[in-house]
Amino acid sequence: MTTKKVVVIGIDGMDRELVEKFEKFLPNLKRLKENSPKVDLVSVFPPDSPTAWATIYTGLSPAEHGVVFFKDPLNPKKAGEHMEMVERIKGKTFWDIASKEGRKVCVVFPHMGYPPWEVNGIMIGRTTEVDLREFDIKTYPEDIMSKYHIKERKLMPVTSFPLSLDNFLERTKEVLYEEVKLGVELLKKEDWDLFFIYFNSLDNVEHVFWRYFDPEDPYYEPGNKYEKVIPEFYKLYDELVIGSFLREIDEDTILIVLSDHGHAMRPWQVVNINEILRQEKLLYSVEDTNKSKITSKLLIETKSLVTKLIDKYRLLGKIASLLLRAKPDIFAKYTKIAPIDFKRTVAYLSDPSGGLKAYSYAGIKIIRENISPGESYESIRAKIIDLLLSIRDEQGTQLVEWALPREKLYSGPHLEKYPDVVFKLKDTWGVGWNIGKGKFGVSDTHRLHSGNHRMETPVFFVYTPPSTVNRWTVLKRKATLMDISPTILNILGAKWEKYYFNGMPIVKISNERDLKHEK
């Protein structure tokens, strides 16, 4: 196959269904869609950005690369723990493999790409607010910093806990313009075979503004000031991001646009999983007569009150964010607060947020030493799966889409990072952590971040100018994020087969002569 140059634009949180909904206002994305083979791409479980992008970069499942997070009250980790995960992907990404295969690369702001490492070309990495550290940018090689005056540019990502929504929007646009400007300069001036640039602001906007946009959201108010923010940002990405790079694509260059997950409304209704486990005597709360019960109850009530206040007042959300930056171990303490008697409990809830967000995806941890002699680990898992699948709302609708032993989800050396049972609720329902307050409730944090990641609808467009003789052969109509890395390397003409992936190429290029031969 002829070697091609490849440009990859990674857009955190761009949703396939929203692209289709806004299509008439998105001429560039429409052009990509019409000239790209139809492929249904799905994200990973859980569809969190670090887990998803690590999978995109490496072509490995989360159980293989190990960048996966489920908060465990018994083993709380510090906030910002994924900073340590850079070492798990370093040297294993598609740009690292392209470098080994002799291709020149230019990689700009990859998620979890700080500090940058040595590549055959250029890599620019920066910290984000999620990293809970001071903002910084570094480049490889170092002279790229001064060559493009990077320190003088406004490239600091915007906080996801804005005090002023108007200021948040203004600054987000300002950073986005600078990111595009720098990206296009590098694209035009540097020598590269593979160019990758990552944008994260759309995901932040969707998280913050979903309730202003979606009539199905319980806090939506018709005609509100921010009702059109999300569609306007899709238009901005179409015009500024896609348009700017599309204009630079020549006939020898392939453009790939992809996202790590889709986006939808964060669940505001919750299923109190721990309470259901308690009612089935798989979980026990501390004894009423125990003094620790009083202390624990007070802590839980305080925790719930603080969470509700943070949800209601943005200033408190900002203070909490700054506090976590200064004292990241506070989140570990927050996660550990639970009125659970772990000496008797067999199973309890674990989710990627530690109870801060009402995710629809979560898992159940099993304490093996607490299993009674008459039962086994596998019988307990089967019992939990049956229990989850039996959960119904008041209308009798099944609320859990699927529940599995973790071995049926993925395999790999880091599988133990997953809870023993994993499950997915219907998108309109999230997991709740309350005990003793009934099976169902409402989220305490919906207003603060009302948008939510979803597995089913990331975007994947692969584009070559219509004037060329290149045509696509689709190898996989239904693809996963594990297929992205081998796809990029295959299009680039690199020998992807030499390396270990859990995925396979999604498409390959065929020219007209190849097509006739195939017929």
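Calculation rules
- Residues numbered from 1 in each chain as written.
- Predicted model: local features only at pLDDT ≥ 70, side-chain atom pairs only at ≥ 80, totals over all residues.
- Heavy atoms only, no water.
- Helix = DSSP H or I, 4+ residues; strand = E, 2+ residues; numbered from the N terminus.
- Buried < 20%, exposed > 50% of the residue type's maximum accessible area, 1.4 Å probe, protein only.
- Lys, Arg positive; Asp, Glu negative; His and termini not counted.
- Salt bridge = Lys/Arg side-chain N within 4 Å of Asp/Glu carboxyl O.
- Polar contact = N/O pair within 3.5 Å; in protein donor to acceptor, adjacent residues only side chain to side chain.
- Contact = heavy atoms within 4.5 Å.
- Pairing = 2+ DSSP bridges.
- Axes fitted to C-alpha atoms, helices over the stretch in contact; angles between N-to-C directions.
- Parallel < 35°, antiparallel > 145°, perpendicular 65-115°, else oblique.
- Left-handed = near helix turned anticlockwise from the far one by under 90°.
- Nonpolar A, V, L, I, M, F, W, Y, C, P; charged D, E, K, R; others polar.
- Phe/Tyr/Trp six-rings, centres within 6.5 Å; stacked < 30°, edge-to-face > 60°.
- Lys NZ or Arg CZ within 6 Å of the ring centre and 35° of its normal.
- Arc of directions from axis to C-beta.
- pLDDT = per-residue confidence, 0-100.

**Thoughts on unusual backbone geometry**
Trans is the prevailing form of peptide bonds, just as negative phi is the prevailing case for residues other than glycine. Note that the residue after Tyr114, namely Pro115, is joined by a cis bond; omega there is -5°. The residue Pro115 is located in the loop between strand 3 (105-108) and strand 4 (121-126) in this model. Here the amide bond leading from Tyr140 into Pro141 is cis, since omega sits at -5°, within 30 degrees of zero. Assignment of secondary structure puts Pro141 in the loop between strand 5 (137-140) and helix 7 (143-147). The residue Lys281 is not glycine, and still its phi comes out positive at about 60°. Tracing the sequence through the fold places Lys281 in the loop between helix 11 (273-279) and helix 12 (291-312).

**Focus: the side chain of Arg211**
Note that Arg211 resides in helix 9 (residues 201-213). No salt bridge is formed by the buried Arg211. Its closest oppositely charged neighbour is Asp217, at 6.1 Å. Within the local environment of Arg211, its side chain forms a polar contact with the backbone oxygen of Arg447, the two atoms lying 3.1 Å apart. Setting aside its immediate chain neighbours within four residues, Arg211 contacts Asp217, Tyr219, Tyr220, Arg447 and Ser450.

**Considering the sheet that holds strand 9 (residues 269-272)**
Spatial strand order, 14-9-15: three strands in an open sheet with mixed pairing. Both edges of this open sheet fall to strand 14 (429-432) and strand 15 (440-442), since each of them pairs with a single strand only. Here the strands of the sheet are splayed against their neighbours by 40° on average, with no regard to which way each runs.

**Concerning the packing of helix 8 (residues 165-189) against helix 10 (residues 229-246)**
Where helix 8 contacts helix 10, the two axes come as close as 10 Å, and the packing angle between them is 15°. Looking at the two axes, helix 8 sits roughly parallel to helix 10. For helix 8 against helix 10, the interelement crossing comes out right-handed. Contacts from Leu169, Thr172, Lys173, Leu176, Tyr177, Val180, Gly183, Val184 and Leu187 of helix 8 reach helix 10 at Val229, Phe233, Leu236, Tyr237, Leu240, Val241, Ser244 and Phe245. By residue class, the composition of the contact of helix 8 with helix 10 is 13 nonpolar, three polar and one charged.

**Structural notes on the environment of Lys498**
By the secondary structure assignment, Lys498 is in the loop between helix 16 (484-492) and strand 20 (507-510). Within polar-contact distance, the side chain of Lys498 engages the side chain of Glu101 at 2.9 Å.

**Thoughts on the packing of aromatic side chains**
A full pass over the atoms with the stated rule returns 30 aromatic pairs. With a centroid separation of 5.3 Å and 80° between ring planes, the pair formed by Trp210 and Phe213 is classed as edge-to-face. Residue Trp210 and its partner Phe213 are located together in helix 9, separated by three residues, close to a single helical turn. Note on accessibility: Trp210 and Phe213 belong to one class, buried. An aromatic cluster of three or more residues is present, and its members are Phe45, Phe70, Tyr359, Tyr361, Trp402, Tyr410 and Tyr418. Positioned over the ring face of Tyr377 is Arg368, at 3.6 Å from the centre of the ring.

**Thoughts on helix 2 (residues 27-34)**
Taken together, the buried positions of helix 2 are Asn28, Leu29 and Leu32. Taken down its axis, helix 2 places every buried residue within 95° of arc, on the same side. Opposite the buried face of helix 2, at more than 90 degrees from it, the exposed residues are Pro27 and Glu34. Against helix 1 (16-21), helix 10, strand 7 (253-258) and strand 17 (460-463) lie the buried residues of helix 2.

**Side note on the confidence of the model for the protein chain**
Averaged over every residue, the pLDDT of the protein chain is 87; residues scoring 70 or more account for 84%. Counted against residues more than four places away or in other chains, residues 512-519, with its pLDDT under 50, gives eight contacts.

**Section: the packing of helix 8 against helix 9**
Between helix 8 and helix 9, whose axes approach to 11 Å, the crossing angle comes to 155°. Taken together, the axis directions place helix 8 and helix 9 in an arrangement best described as roughly antiparallel. By crossing handedness, the relation of helix 8 to helix 9 is classed as left-handed. Residue-level inspection shows Leu165, Phe168, Leu169, Thr172 and Leu176 of helix 8 in contact with helix 9, the latter providing Ser201, Asn204, Val205, Val208, Phe209 and Tyr212. Across the contact of helix 8 with helix 9, the residue classes tally to eight nonpolar, three polar and no charged.

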